[in-house]
Each structure stands twice: as structure tokens, then as C-alpha cells.
Amino acid sequence: MNFSMTPLEKNLHAVQERIKNAAERAGRHPNSVTLVAITKTFSAETILAAYELGVRHFGENRVEEALEKIPAVSSRLQTQPVTWHMVGHLQHRKVKDAVALFDLVHSVDSVALAIRLDNRAAALDKVLPVFLEINVSGEASKFGFAPEPREKLFEGTHEIFSLRHLIVEGLMTIAPMVVTADDARPYFRALRELRDELHSRFPDHTLPHLSMGMTDDFEAAIAEGATMVRIGRAIFGERKTS
Ligand SMILES: *Cc1c(COP(=O)(O)O)cnc(C)c1O
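Source: prediction; values computed, not measured.

> Any details on the site of the ligand? Residues and values, ideally.
The ligand sits among Ile38, Lys40, Val87, Ile174, Met214, Thr215, Arg230, Ile231, Gly232, Arg233 and Arg239. Within the backbone of Gly232, a nitrogen or oxygen atom sits 2.9 Å from an oxygen atom of the ligand. Contacts to the ligand include Arg233, whose backbone N or O atom sits 2.9 Å from an oxygen atom. In the complex, 93% of the free accessible area of the ligand, which totals 390 Å², lies under the protein chains. Of the residues contributing to the shell around the ligand, the split by class is 5 nonpolar, 2 polar and 4 charged.

Listed below in C-alpha cells is the structure:
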């Protein structure tokens, strides 16, 4: 035990260890799971401290907050090998800022949003990697494409695949609040199975990523094939509610 470790360092190591163990239990290579540290509500200082500990993927869920924090962090990094992930619902009027700020958007939840992102990416002459958010549980409180009827989802997906300035790299979901992490497994499994169906339906498109799993359920998500886990509280502690 190293007594000089900060709480952040201890938490981060514990999470990394749990990711590694969950991957190994599932017969997967630990490197096949990317940790995205979700820093919403936490300061630029905290993000920099995590950067010092080796974290290179950060996620935010609100454009307003990211507009302040991302430039503050970036200005203090020598080089910029950080990937910024947008994981929250994106309002159409925030698309312009979002495309300028983020490297990857996990939360594409409608064809209309995809078209706006594509237009903006085109204006900046870039290709934006995105994930399609799927509301697997069907909860009214959640955003995302409905998984059923499948034909409608496939139509929307087909339209998004045709956009030249977006590259769809995977699917994302948020599981419902459950009592034990294992209760979340069916939702994660459903996302993986949907991805496999999309592969059969659109063989020219590969969707390597499954963004699923948060503080309370990431091990279950890894067991079902998560390639990106989005973890906040287990690393940074409880968020102050506003
Ligand atoms: C806040 C948030 C997370 C992280 O949640 P924790 O429970 O703190 O791990 C992951 N994904 C999204 C979309 C979030 O908004």
C-alpha cells in the first residue's frame, strides 16, 4: 500500500483493476476496454490531475460546461493527446459548439441531429466519429432511438450511414437503475445483439464500439462486450447535486 496516493489515484487504480478483471473474466483483453472518465461537475483542476495519472479520454454531458472546461484544460497541456467525448443529450442549437469542442459524440439520438452534426462537420471540413444512442429500456426519461420497430431503426441508420461527414463507429446505451449490476446485463446484451443485427443488415459498415457501463454497472457491461465504459463517481466521488 502506497500511503502517498491521493484519493483520486486510489479510485482510478481500483477502477482500472476492476476493468481488467472484468475483461479477463469475460476472456477479453483488458486493452479492448477504454475508460472514459466522466468529468461533469468536476473542475478543470481535477481533469488535469486525472491527466497526470494517465487518463486520456474525458467525457462531458453539457456543452455549456464543456465550453468553459475544455479550453481551460487544453491550454495547460503541452501536447494534446486527449480525446473529448460528448455523452449527453445534444440540443440542436448547441451543435455548432459541440462539433468544435468534441472529438466523438456518443449521443446521436435522432436522424435530424445527425444531419445537423454532418452539416457542421462539413463546414469545418472534418469527419466526426459518432455512436448512435439506443433507448434499450424504453424509459420515457431517456433519449435515444427506439430499438423497435427494427425496420424503422434500420431506415434511420441507413440514412445516417449515407452522411459523408459522420462516421458511425458504434452504439451507446444507458441501462436503467437496477438493484444489482447483473440486472443490467440484459440491456447490455440487447445492445450487442442489435449491433450484430446491424452488421448483418449493413455488411459494408462495421460498428466496433459498444459504449455501455457506468459506475454501478460497468462490470456487467464488460461481460456483455462493452468497448468503452463511461465512469464518473467511482473515480471522482459523488457529484454535488445542483
Ligand atoms: C454522468 C454520466 C455517466 C457517468 O455516470 P457515473 O454514475 O458517475 O459513473 C455516464 N454516461 C452518461 C451519459 C452520463 O451522463
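> Now, about helix H5 (residues 111-123): what can you tell me, with residues and values included?
Along its 13 residues, H5 runs 18 Å from first to last C-alpha, staying within 8% of the 18 Å computed at 1.5 Å per residue. Buried residues of H5: Val111, Leu113, Ala114, Leu117, Asp118 and Ala121, and no others. Buried residues in H5, looked at end-on, bunch into an arc of 155 degrees, giving them a common side. Each element contacted by the buried residues of H5 is listed here: helix H4 (95-101), strand S4 (104-108), strand S5 (128-133), helix H6 (150-161) and strand S6 (166-172). Where H5 terminates, the next one or two residues include Asp125, which has phi positive at roughly 55 degrees.

> Residues and numbers for the packing of helix H2 (residues 44-52) against helix H3 (residues 63-74), please.
Packing of H2 against H3 brings their axes to within 9 Å, and their N-to-C directions diverge by 45 degrees. By the angle between their directions, the pair H2 and H3 is classed as oblique. Crossing of H2 over H3 shows right-handed handedness. For the pair H2 and H3, the contacting residues are Ala44, Ile47 and Leu48 in the first and Lys69, Ala72 and Val73 in the second. Class assignment for the residues of the contact of H2 with H3 results in 5 nonpolar, no polar and 1 charged.

Parameters at a glance
Counting restarts for each chain: residues are numbered from 1 in the order of the written sequence. Per-residue local features are limited, in this predicted model, to residues with pLDDT of at least 70; the limit for side-chain atom pairs, both in listing and counting, is 80 or more; totals at the level of whole chains, interfaces and linings are taken over all residues. Excluding hydrogens and water, the side-chain values take into account all heavy atoms of the structure. Definition of nearness: a residue and a molecule or strand are near each other if at least one heavy atom of the residue lies within 4 Å of the molecule or strand. In protein, a polar contact means a hydrogen-donor-capable atom and an acceptor-capable atom, both N or O and within 3.5 Å, with residues adjacent in sequence counting only if both atoms are side-chain atoms; elsewhere, any N or O pair within 3.5 Å suffices. Values of accessible area rely on a 1.4 Å probe in the Shrake-Rupley scheme; residue burial ignores everything except the protein chains shown. Classes in brief: Ala, Val, Leu, Ile, Met, Phe, Trp, Tyr, Cys and Pro nonpolar; Asp, Glu, Lys and Arg charged; the others, Gly included, polar. What counts as a helix is a DSSP run of H or I of at least four residues, what counts as a strand is a run of E of at least two, and both are numbered from the N terminus. By this rule, a helix spans an expected 1.5 Å times one less than how many residues it contains. Three labels apply to residues, based on accessible area from a 1.4 Å probe with only protein chains included: buried if under 20% of the type maximum, exposed if over 50%, partly exposed otherwise in between. Arc, as used here, means the arc of the directions from the helix axis to the C-beta atoms. Contacts are assigned to residue pairs that have any heavy atoms within 4.5 Å of one another. Inter-axis angles, ranging from 0 to 180 degrees, are taken between N-to-C directions of lines fitted to C-alpha atoms, where helices are fitted over the stretch in contact. Any angle that is under 35 degrees is reported as roughly parallel, and any over 145 degrees as roughly antiparallel; angles of 65 to 115 degrees are reported as roughly perpendicular and all others as oblique. The hand of a helix crossing depends on one turn: near helix anticlockwise from the far one by less than a right angle means left-handed, and clockwise means right-handed.

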